[in-house]
Amino acid sequence: MKRKAQSQVSDHKPMKKKSKISLSNEDAKKRFRKGLFDKDVLNKYTQGYAKSTPYKHSVIHGLIDDTLLRSVREEIKNNVSFTPKETDIYKIHQSGDLANLDGLDDEALAKLPSLLALRDAMYSQAFRDYVAHITGCGALSGRKTDMAINVYTPGCYLLCHDDVIGSRKVSYILYLTDPDIPWKAEWGGALRLFPVRMIKNKDGQVAKTPSPDISKVIPPAWNQLSFFAVQPGESFHDVEEVYHAQSKEQLEKEGGRVRMAISGWFHIPQIGEDGYVEGAEEKLAKNSGLMQLQGNPDQYDLPQLNPVAVEQPQLSSQEEFDEADLEFLLKYMAPTYLTPDTLEQISEQFDEESTITLPNLLGKKFAKKLKDYVAAQESTPLPEDSTEIEKGPWRVAKPPHKHRYLYLQADGSKKKNGAASTEESPIKELLEEFLPSSQFRRWLQIATNCVIESHDFVARRFRKGKDYTLATGHEGKPRLELSLGITPTTGWGGDDDEDAEKSAAEEENGESGKSNGKAKGKAKATEAPTKNKKGKKQVEEEEDEEEQEAGEVGGHEVYMAGDDDAADEDAAIYKSGGGDDGDNILFFEAASWNKMSLVLRDSGALKFVKYVSRRAPGDRWDISGTFEVEEPEDDDEDGEAQNGENGVGVLDDTEEEWNGFSSSSDSDSD
């Protein structure tokens, strides 16, 4: 997960800096609080660091001279601009690299004297020696400054990572929250540390993997410094979401809940500095990679892929389902989707776009049973601790620097398509009877023109304020992926809530199956995709307005084009103040009820589920399926492939309307 650690807090790169006059120890110490450098104070912090858990860290209150730090905060508020940015791992407002201060012209630099004084004090020989003594990490560079100002407003967060990249040696955060309105722990924004499990495998190798549960919470406080040595596979931490206030009035009273901090790293000595060792940086990077791979920690990831090979019947769109097949499918599916005309239209659109979204896929009787069950499950409180949760049917996905959510997998010991062995749970019924059935597989093959070789299903529950998946690709040939949204709540920023409720009401009354679904199909087809007809800038402005009013709640599933050329950038940036928002989004689906999406995805496409905010209307629920497929031969008269080579990567700006289904709602074309 080095990509995440590389750019989680700032998008700056190491750069050449003009030389500056080093501070004397005496001048540097004047910029810190009185008494900080006393021997007994230093020994106290050193002893505390050595005893700290879950890994060694330290917290210093009142680090900087208060008058200086107040001046720094005012300069930042008045003169520093910030760029809002979102990736799979964070939502944040960032400044540029403070190493750039030396490159500013005299007029600009004159506006930031206190900030420059603070930076030089932090990287002075006196303070570097202080940090090195506490951590025992050895000499630190004064030449390579690596710090940025980060602002977390309500809804912002940073997910689990270990900070390992390049020559980083010590990570730190200096808080500049409002000095006159003390930060409250219930506002969120805490630095949280994850314990690491040491697992010994059969070969005697020990693998490190972080627990999904946090064991140390350090709330922000004015003029507080938190720091720790960067340790591969061990220094896992996150920044808790800053939570929304209940009203605008409350938010104003609390100073806006603005979590401002200066974050950065101390690096190993650079060439020409005392303590520099030739080749040390390359060796550090190599050893870091080896330490992260030692013991093959991936083998302990959960859930593990569990593909079930299937028989491969001849694909024939001409052969009709017999009466027994239809009876089985009608137990779960809306009649609209079993008509030859609808199947043909689905197949044509999927051939053209490699993706399709099908609303109201489940029949009204089973859908009601499922919704009642999911709603009842959601209303039942869950334990906070993963061990307690796993005493029940749910398991916790791990490790948290890759993903975290609750999941259920099919019980392989049960015979598929058998008697009602899963009546106690309609979710299990989907996992073990409907989706793996030969009838649904045949329907899916006709709909997508893909011959299915294996299937793998998992039910997922993303708890609000906790869960997410980070961006991953996959190796090998394109594969077919299914997502069946079974989120019972509305207000997720996808389909308009009023229309969604109307749709559910029509479903309850059986109207969705009338007239071959034409009237309802057109309404659903034009509802969300019409947004793609508008200018990109207009869409983004409307989304920004909606977010300001209601607040984005996350939980959407995103497919993105991977950028092989951006080796030094975060590949999963999809929103930035730089003006390139969403250019690489291939498919975007908000949490939804009774809506199935199908995507033919190639290995170059990244996929993630956005962190679900505590402000979300509920938990995000879905069934996720992966199908290995035999790539179909193209039978166009001109011999040209319709789907291109990259599956989902061929989305364009076209939009079509069909009966009973829609093109990818909330998608942004490549």
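Bear in mind the structure is a predicted one, so any value in this text is a computation, not a measurement. (Residues numbered from 1 in each chain as written. Predicted model: local features only at pLDDT ≥ 70, side-chain atom pairs only at ≥ 80, totals over all residues. Heavy atoms only, no water.)

*Asks:* Before we go on, may I ask you to explain the nonpolar core in this structure?
*Replies:* Most often, soluble globular proteins keep nonpolar side chains buried together rather than apart. Within the largest apolar cluster, 51 residues are counted, with the highest numbers of intra-cluster contacts made by I427, F434, F440 and W443. Ranked by the residues each element gives to this core, the list is headed by helix α15 (residues 438–448), at 5 residues. In contact with I427, not counting residues within four places along its chain, are L370, Y373, V374, L408, A459, I486, W621 and I623. (Core = buried A, V, L, I, M, F, W, Y, C linked by side-chain atoms within 4.5 Å. Buried < 20%, exposed > 50% of the residue type's maximum accessible area, 1.4 Å probe, protein only. Helix = DSSP H or I, 4+ residues; strand = E, 2+ residues; numbered from the N terminus. Contact = heavy atoms within 4.5 Å.)

*Asks:* In this structure, what is going on with the sheet that holds strand β24 (residues 585–589)? I would like to understand it.
*Replies:* Pairing between sheet strands relies on hydrogen bonds along the backbone, with the strands arranged either parallel or antiparallel. Pairing within the open sheet is antiparallel, and its 3 strands lie in the order β24-β22-β26. Edge positions in the open sheet fall to β24 and β26 (605–609), since each of these has one partner strand only. Pairwise comparison of adjacent strand axes, ignoring direction, gives a mean angle of 10 degrees for this sheet. Pairing geometry for strand β22 (residues 557–561) and β24, over 4 bridges, is antiparallel. By the bridge assignment for β24, M560 is matched with I585. (Pairing = 2+ DSSP bridges. Axes fitted to C-alpha atoms, helices over the stretch in contact; angles between N-to-C directions.)

*Asks:* Help me out: how do you make sense of the side chain of D602 in this one?
*Replies:* Mapped onto the fold, D602 is located in the loop between β25 (593–601) and β26. Here D602 is buried and forms no salt bridge, its nearest opposite-charge partner R601 lying at an N-O distance of 6.4 Å. Among the polar contacts made by the side chain of D602, one reaches the main-chain amide nitrogen of A605 at a distance of 3.1 Å. (Lys, Arg positive; Asp, Glu negative; His and termini not counted. Salt bridge = Lys/Arg side-chain N within 4 Å of Asp/Glu carboxyl O. Polar contact = N/O pair within 3.5 Å; in protein donor to acceptor, adjacent residues only side chain to side chain.)

*Asks:* What is the right way to read the packing of helix α3 (residues 39–51) against helix α7 (residues 125–135) from this model?
*Replies:* Relative orientation and spacing of two packed helices are given, respectively, by the angle between their axes and the distance between those axes. Relative orientation of the contacting elements α3 and α7 amounts to 40 degrees, with a least axis distance of 8 Å. When the interaxial angle is binned, α3 and α7 end up oblique. Of the residues in α7, those touching α3 at V41, L42, N43, Y45, T46 and Y49 are Y130, H133, I134 and T135. Split into classes, the residues belonging to the contact of α3 with α7 amount to 6 nonpolar, 4 polar and no charged. (Parallel < 35°, antiparallel > 145°, perpendicular 65-115°, else oblique. Nonpolar A, V, L, I, M, F, W, Y, C, P; charged D, E, K, R; others polar.)

*Asks:* So what exactly am I meant to see when it comes to helix α4 (residues 66–79) here?
*Replies:* One turn of an α-helix holds 3.6 residues; hence residues three or four places apart share an orientation. Its 14 residues place the ends of α4 20 Å apart at the C-alpha level, agreeing with the 20 Å of an ideal helix rising 1.5 Å per residue. Burial in α4 covers these residues: L68, L69, V72, R73, E75 and I76. All buried residues of α4 fall inside an arc of 160 degrees around its axis, so they share one side. For α4, the exposed residues set more than 90 degrees away from the buried face come down to T67 and N78. Of the surrounding elements, those touching the buried residues of α4 are α6 (113–122), β4 (146–152), β6 (168–175) and β13 (259–267). (Expected span 1.5 Å × (residues − 1). Arc of directions from axis to C-beta.)

*Asks:* How should I be thinking about the side chain of R257 in this particular structure?
*Replies:* On the secondary structure map, R257 appears in the loop between α8 (248–253) and β13. A polar side-chain atom of R257 sits 2.7 Å from a polar atom in the side chain of E254.

*Asks:* Explanation requested: the packing of aromatic side chains in the structure shown.
*Replies:* Each aromatic ring pair is specified by the distance between its two centres and by the angle formed by the two planes. Applying the stated criterion across every chain, the model contains 22 aromatic pairs. Ring geometry for F32 against F37: centres 5.5 Å apart, planes inclined by 80 degrees, an arrangement best described as edge-to-face. What makes F32 buried here is its relative accessible area of 2%. Arranged with centres 5.5 Å apart and planes meeting at 65 degrees, the rings of F328 and Y332 form a pair that is edge-to-face. Of the two residues examined, F328 and Y332, each falls in the buried class. A connected cluster of aromatic rings, assembled from ring pairs, spans F32, F37, Y123, F127, Y130, Y172 and F266. Its end group placed over the ring of W265, R168 keeps NZ or CZ at 3.5 Å from the ring centre. (Phe/Tyr/Trp six-rings, centres within 6.5 Å; stacked < 30°, edge-to-face > 60°. Lys NZ or Arg CZ within 6 Å of the ring centre and 35° of its normal.)

*Asks:* It is not clear to me how the pattern of salt bridges should be interpreted in this structure. Could you clarify?
*Replies:* Pairing between side chains of opposite charge can happen when their charged atoms approach one another. In the structure shown here, the tally under the stated rule is 30 salt bridges. D467 is paired through a salt bridge with R404; the nearest N and O atoms lie 3.5 Å apart. Taken as a pair, D467 in the loop between β19 (451–462) and β20 (468–469) and R404 in strand β17 (residues 403–404) lie far apart in primary sequence, 63 residues in all. Here D467 falls in the buried class, since its relative accessible area comes to 0%. A salt bridge links E481 to R601, with the shortest nitrogen-to-oxygen separation between them at 2.9 Å. Remark: R601 occurs in strand β25 and E481 occurs in strand β21 (residues 479–486); sequence separation between them is 120 residues. Since its relative accessible area comes to 2%, R601 is described here as buried. What emerges from the salt-bridge pattern is a single network uniting R460, R479, E481, E557, R601, K607, R620 and D622.

*Asks:* What exactly am I supposed to notice about the environment of I149 here?
*Replies:* Note that I149 resides in strand β4. Each C-alpha atom of the pair I149 and A261 lies 5.8 Å from the other, and the pair is 112 residues apart in sequence. Residues in contact with I149, not counting those within four places in the same chain, are I76, V80, F82, H93, Q94, S95, L98, L115, M260, A261 and I262.

*Asks:* What is the right way to look at the environment of K371 in this model?
*Replies:* Relative to the assigned elements, K371 resides in helix α12 (residues 364–379). Overall, the relative accessible area of 27% leaves K371 in the partly exposed class. Spatially, the C-alpha atoms of K371 and I427 are 9.9 Å apart, while their sequence positions differ by 56 residues. The residues contacting K371, other than those within four sequence positions of it, are P488 and W593.

*Asks:* What am I meant to see in the confidence of the model for the protein chain here?
*Replies:* Caution applies to low-pLDDT parts of the model: their predicted coordinates are not meant to be read in detail. Overall, the prediction assigns the protein chain a mean pLDDT of 82, with 76% of residues at 70 or greater. With pLDDT under 50 throughout, residues 1–19 is counted as low confidence; its partners more than four residues away or in other chains account for 67 contacts. Note that pLDDT drops below 50 for residues 510–550; the model gives that stretch 64 contacts with residues more than four away or on any other chain. (pLDDT = per-residue confidence, 0-100.)

*Asks:* Can you help me understand the packing of α4 against α6 in this one?
*Replies:* Packing of α4 against α6 brings their axes to within 8 Å, and their N-to-C directions diverge by 125 degrees. If you check the angle between α4 and α6, you find them oblique. When the axes of α4 and α6 are compared, the crossing they make is left-handed. In this structure, α4 contributes L68, L69, S71, V72, E75 and I76 to the contact, and α6 contributes P113, S114, L115, A117 and L118. (Left-handed = near helix turned anticlockwise from the far one by under 90°.)

*Asks:* It is not clear to me how unusual backbone geometry should be interpreted in this structure. Could you clarify?
*Replies:* Excluding glycine, residues mostly carry a negative phi; peptide bonds, for their part, are mostly trans. Following T53, the chain continues to P54 via a peptide bond in cis, the omega torsion being 5 degrees. Take P54: it is sitting in the loop between α3 and β1 (57–61). The step from K398 to P399 runs through a cis peptide bond, and the omega angle for that step is 5 degrees. With respect to the helices and strands, P399 occurs in the loop between β16 (395–396) and β17. Despite not being glycine, R257 shows a phi value in the positive range, around 50 degrees.

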